[in-house]
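A look at the structure
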Amino acid sequence: METVAADLSLTVGATRVALAYYSAYAAEIDAEVAENERVSELSHRSWEAQQRHLT
């Protein structure tokens, strides 16, 4: 736990709270992360298409 906390620049207590929160809401958090990744990918593809049209 100490290594994870240090890697994330968090206290051990904050790391425990974060893990507990994720344990309670894993499905919702995972769905939000997946949606963010989807939107990010679409945005990146749009940006790439715009760059192609500018050259």
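Right above here is the structure, for reference.
None of the values given here were measured: they were computed from a predicted structure.

1. A look at the overall build of the chain
Tallying secondary structure elements over the chain gives two helices and zero strands in all. In terms of overall dimensions, the chain is more spread out than a globule: its C-alpha atoms have a radius of gyration of 18 Å, far above the 10 Å expected for 55 residues. Counting only C-alpha atoms, the chain reaches 50 × 25 × 10 Å along its principal axes. The burial tally for the chain puts 4% of its 55 residues in the buried class. Put simply, the chain shows about 4700 Å² of open surface, and 59% of that area lies on carbon and sulfur atoms. Taking the average location of the 4 positive side-chain charges in the chain and that of its 9 negative ones, the two points are 7 Å from each other.

2. Quick word on the packing of aromatic side chains
We describe a pair of aromatic rings using the distance from one ring centre to the other and the angle between the two ring planes. The final tally for this structure, using the stated rule, is one aromatic pair. Between Tyr 21 and Tyr 25, the ring centres sit 4.8 Å apart and the planes meet at 40°, which makes this aromatic pair tilted. With Tyr 21 and Tyr 25 both in helix H2 (residues 12-54) and four residues apart, this pair spans about one turn of that helix.

3. With respect to unusual backbone geometry
Note on backbone geometry: most residues besides glycine have negative phi, and most peptide bonds are trans. One non-glycine residue, Ser 9, lies in the positive phi region at around 55°. Among the structural elements, Ser 9 can be located in the loop between helix H1 (2-7) and H2. According to the relative accessible area criterion, Ser 9 is exposed, its value standing at 65%.

Rules and cut-offs
Residues numbered from 1 in each chain as written. Predicted model: local features only at pLDDT ≥ 70, side-chain atom pairs only at ≥ 80, totals over all residues. Heavy atoms only, no water. Helix = DSSP H or I, 4+ residues; strand = E, 2+ residues; numbered from the N terminus. Rg over C-alpha atoms; globule rule 2.2 N^0.38 Å. Buried < 20%, exposed > 50% of the residue type's maximum accessible area, 1.4 Å probe, protein only. Areas by Shrake-Rupley, 256 points an atom, 1.4 Å probe, with all protein chains shown as cover. Lys, Arg positive; Asp, Glu negative; His and termini not counted. Charge placed at Lys NZ, Arg CZ, Asp CG, Glu CD. Phe/Tyr/Trp six-rings, centres within 6.5 Å; stacked < 30°, edge-to-face > 60°.

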